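Topology and contacts: notes
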Amino acid sequence: MKTTRYLLLAGVALPLLAASAPSIAASGPALSDDRPIVLAQSDEDRGRGGDRPERAQRAEKPERAERPERAERPERAEKPERAERNDAADERRQQRAQEQQERREQRVQEKREAAPERREAAQEKRDDAREDRQKAIREQRQDAQQDDKRKDAQEKREQDRKDAVKDKSDTAQDKRDERLKELREKRQDDRKDAVEDRKDAAKDKKDTAEDRREDRLKELREKRQDDRKDAAEDRRDDRRDAAKDRRDDRREEGRTADQKQRIERLQDRIRDERRDASRDKDRMNDRIDRLRDQRKERRDGDRVVITEGDRTIIREGGRTIIRRDEGARFRIGARDWREERRGDERVRISVRPDGSEVYTYVDDDGRLLRRTRRYRGEEYVLIDNRPRGGGAIGAFIDLGLPPPRISIPREEYIVDADTASYDDIETAFAAPPVERVERRYTLDEIRTNPPLRDRVRSVDLDSVTFDTGSWDVRDDQITKLENVGLAMEDAVKKDPKTIFLIEGHTDAVGSDDDNLSLSDRRAEAVAEVLTKYFDVPAENLTTQGYGEQYLKVKTDGPEERNRRVTVRNITPLLQTSQAN
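I will try to describe carefully the structure that is included in this document.

Analysis parameters
- As a convention, each chain's residues are numbered from 1 in the sequence order in which they are written.
- The predicted origin of the model limits local features to residues at a pLDDT of at least 70 and limits the giving and counting of side-chain atom pairs to 80 or more, whereas totals for whole chains, interfaces and linings rest on all residues.
- Calculated side-chain values reflect all of the structure's heavy atoms, with hydrogen atoms and water omitted.
- Pairs were defined over the aromatic rings of Phe, Tyr and Trp, the Trp ring being its six-membered one, requiring ring centres within 6.5 Å. Orientation was assigned from the angle between planes: stacked under 30 degrees, edge-to-face over 60, tilted for the rest.
- Secondary structure elements follow DSSP: runs of H or I of four or more residues count as helices, runs of E of two or more count as strands, with numbering from the N terminus.
- A 1.4 Å probe rolled over the protein chains alone gives each residue an accessible area, and that area as a share of the maximum for its type sets the label: buried under 20%, exposed over 50%, partly exposed in between.
- Consider the ring centre and the ring normal. A charge sits over the ring if Lys NZ or Arg CZ is within 6 Å of that centre and within 35 degrees of that normal.
- At least two bridges found by DSSP between two strands are what make those strands a pair.
- Fitted lines through C-alpha atoms give the axes, limited to the stretch in contact for helices. The angle between two N-to-C directions lies from 0 to 180 degrees.
- Helix span, expected: 1.5 Å multiplied by one less than the number of residues in the helix.
- Only one rule defines a salt bridge in this text: a Lys or Arg side-chain nitrogen within 4 Å of an Asp or Glu carboxyl oxygen.
- Note that patches include only residues with greater than 30% relative accessible area and no salt bridge, and the join distances are 9 Å for like charges and 5 Å for nonpolar side chains (Val, Leu, Ile, Met, Phe, Trp, Tyr).
- Exposure was quantified through the Shrake-Rupley algorithm and a 1.4 Å probe, taking into account, for residues, occlusion by the shown protein chains and nothing else.
- In this count, Lys and Arg are taken as positive residues and Asp and Glu as negative ones, while His and the chain termini are left out.
- Think of each charge as sitting on NZ of Lys, CZ of Arg, CG of Asp or CD of Glu.
- The directions considered for the arc run from the helix axis to the C-beta atoms.
- Between two residues, a contact is recorded if the distance between any of their heavy atoms is within 4.5 Å.
- N or O atoms within 3.5 Å of each other form a polar contact, as long as, within protein, one can give a hydrogen and the other can take it, and as long as residues adjacent in sequence are counted only when both atoms are side-chain atoms.

Quick look at the packing of aromatic side chains now. On inspection of all chains with the given rule, the structure shows 2 aromatic pairs. A centroid spacing of 5.0 Å and a plane angle of 70 degrees characterise the contact between Phe429 and Phe500, whose relative ring orientation is edge-to-face. One end of the pair, Phe429, is in helix α8 (residues 422–430); the other, Phe500, is in strand β12 (residues 500–505), with 71 residues separating them in the sequence. Residue Phe429 shares its accessibility class with Phe500, and that shared class is buried. Measuring from ring centre to ring centre gives 5.3 Å for Tyr546 and Tyr550, while their planes differ by 70 degrees; the resulting arrangement is edge-to-face. Judged by its relative accessible area of 3%, Tyr546 falls in the buried class. The partly exposed category is assigned to Tyr550, whose relative accessible area is 26%. The ring centre of Trp337 lies 3.7 Å from the NZ or CZ of Arg331, which sits over that ring. Note that Arg453 overlies the ring of Tyr550, its terminal NZ or CZ placed 5.3 Å from the centroid.

Next up, the structure:
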């Protein structure tokens, strides 16, 4: 290998040397033309040739030409002294050292200024690296979880497949077992049914005759009960008709000629005045429906106030009461009616046909403060509703009184106007309270405290009925007020300060608001009839509706005895002057 390389090298180098020989001869030192050229020989050539040829002797170098003598050099300029040169050199070295120092300090300062940025960059790099590591870890975990899920899903599918195969085999076996079980149970049930059917057939055959006898006896008992009930109803109807005839007879017998003439005039007056009003009957019956649309509710603290036309329903502390402005009743039969402002009060003046003047003092909300009558220069107080101690007008007042102890027969304590005579009603209105009254009370105290009202007797007008949803008193109901109206008229003639409270009540059927409004309007309608047809002055009457709050018969269903109007003489309870 080496021989080959040498040959290749000689083949390349020899032409190059031949091409460059003239230039070398021209520029190089003079060589002898007789100097041989010796080529390099490889080890193989040397081996073949035997001994190494002797190196050609070099031509002797010509003797160096004698150097010409040096021309005289010009004299050099005098150099500065060494001390001055050294000072300049030192100054330059110091300047260079100072510049180097300044450059080093500048590089140090630049490094210091760049250090925070490098640190931040390093921190950001570390944070990025940490986030990359965390992200890689999360991805690895997600991949691991996905692998686990895939593995679990695969295992679940495999298990489901195995379970399906097993269930399929078990289902066939279970079906066979169930069919066998059903067949066995059916055979047992058939045997039991056959045994029971034989027993029932024997029992039915035995009991048929006894059942027939019991059915006949039951029919006979029911027939006797129905016959007794029909007979009792017939007796009640007979008694009711007889009582009505007796009441009519007593009314006819107890009436004087003047009273009979008065009743006849009353009936003629009712027919004349009600003939035109009959056209509005349907509209009047629908008034309660229209009132529902007029109601507006607002809340004042714990108090709920519902306004409904000229009435206000107040709910507070579990109690409900309705209030209205009674000024409209004082226009009935009045020769003149006017209203004046006196300080913080409004005064309504009604001039009666006999020339007397009634003064009603109310606040800005129309609530009664006091009522007086002036006649022939004399003035007396009918009602003083101003609370003791300057309390609020119209507020709920709980006196905490216990129910009164009743020691008289019930028919004398609560008089039924439909069966009572004029004398019975007159006695009830003139009787003192059933218990001693500690003091006189305001009208609001009487209205809001049932135990206080129950201390005086009452007359119930159960027979006065109204059309559904209406508070208009029909023509055929006015004459039922005959004895009550005459007794009230006579009581006022005896004592002009007499005050009657007319209460309206309903049964528990219907909404609370409807019943409360309806009862209050019916009580006012009865008061208007008493003033218009029986000459009971409007100032001697006051009204209040209670709805279903005080049921006479405790029931949630319809009950005629709960749909009533009650009249009480509250004069013994009433405060007529704060001086009293």
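One open sheet accounts for 5 strands, arranged β10-β11-β14-β12-β13; its pairing is mixed. Where the open sheet ends on each side, the last strands, each with one partner, are β10 (414–416) and β13 (541–547). Between one strand axis and the next, the sheet turns through 25 degrees on average, direction left out of account. With 5 bridges connecting them, β12 and strand β14 (residues 565–569) associate as antiparallel partners. Residue pairing across strands places Ile502 opposite Val567, the latter belonging to β14.

Attention now goes to helix α13 (residues 512–534). Helix length check: α13, at 23 residues, gives a terminal C-alpha distance of 32 Å against a target of 33 Å (1.5 Å per residue), a fit within 8%. Burial runs high along α13: 20 of the 23 residues are buried. Phi for Asp535, located one or two positions after α13, is positive at around 60 degrees.

With the rule as written, the count across this model stands at 48 salt bridges. One salt bridge in this structure joins Arg311 and Glu524, with 2.4 Å as the shortest N-O distance. Note that Arg311 is positioned in strand β3 (residues 311–316) and Glu524 in helix α13, a separation of 213 residues in sequence. Like Arg311, the residue Glu524 is buried in the burial classification. Sharing partners across several salt bridges, the network here consists of Arg295, Glu308, Asp310, Arg311, Arg324, Asp514, Asp520, Arg521 and Glu524.

A contiguous patch of positive charge, built from Arg103, Arg104, Arg107, Lys111, Arg118 and Arg119, is present on the exposed surface. Here Arg118 is to be found in helix α3 (residues 82–254).

Below, the discussion takes up α8. Since the α-helix packs 3.6 residues into each turn, any two residues three or four apart lie on the same face. Residues Tyr422, Ile425, Ala428 and Phe429 constitute the buried set of α8. Along the axis of α8, the buried residues cluster in a sector spanning 130 degrees; they form a single face. For α8, the secondary structure elements touched by its buried residues are β10, β11 (458–460), α12 (482–494), β12 and β14.

Another aspect to go through is the sheet that holds β3. Strands in a sheet are paired, the pairing made by backbone hydrogen bonds, and the direction either parallel or antiparallel. Strands sit in the order β1-β2-β3-β4 across an open sheet of 4 strands; the sheet is antiparallel. At either end of the open sheet lies a strand with only one pairing partner, and these are β1 (296–300) and β4 (319–324). Strand after strand, the sheet turns through a mean of 20 degrees between neighbouring axes, direction not considered. Inspection of the sheet shows β1 paired to strand β2 (residues 303–308) by 5 bridges, in the antiparallel sense. For Arg298, the partnering residue across the bridge sits in β2 and is Val305.

Okay, unusual backbone geometry next. Even without being a glycine, Arg376 presents a positive backbone phi close to 55 degrees. Its place among the elements puts Arg376 in the loop between β8 (368–375) and β9 (378–384). A relative accessible area of 75% places Arg376 in the exposed class. Located in the positive-phi region is Asp535, a residue other than glycine, with phi close to 60 degrees. Of note, Asp535 is situated in the loop between α13 and β13.

As a further point, take the environment of Pro432. Along the chain, Pro432 falls in the loop between α8 and α9 (443–447). Distance in space between the C-alpha atoms of Pro432 and Ile570 is 9.9 Å, their sequence separation being 138 residues.

With that settled, the discussion passes to the pairing of strand β7 (residues 357–362). For β7, the tally of buried residues reaches 5 of 6 residues, placing the bulk of the element in the interior. Across 6 bridges, the pairing between strand β6 (residues 345–351) and β7 is antiparallel. Note that in β7 the partner of Ser350 across the bridge is Val358. What sits between β6 and β7 in their antiparallel hairpin is a turn of 5 residues, with Gly355 showing a positive phi close to 95 degrees. Where β7 meets β8, 6 bridges bridge the pair, whose relative direction is antiparallel. Its bridge partner being in β8, Val358 is matched across the sheet by Arg373. Remark: 5 residues form the turn of the hairpin made by β7 and β8, two consecutive strands paired antiparallel; Gly366 in that turn has positive phi of roughly 80 degrees.

What follows deals with the side chain of Arg453. Here Arg453 shows up in helix α10 (residues 450–453). At 3.4 Å, the side chain of Arg453 forms a polar contact with the side chain of Glu503. A polar atom in the side chain of Arg453 sits 3.2 Å from the side chain of Tyr546. When sequence neighbours within four positions are dropped, the list of residues in contact with Arg453 reads Ile446, Arg447, Thr448, Leu501, Glu503, Tyr546, Tyr550, Arg568 and Leu573.

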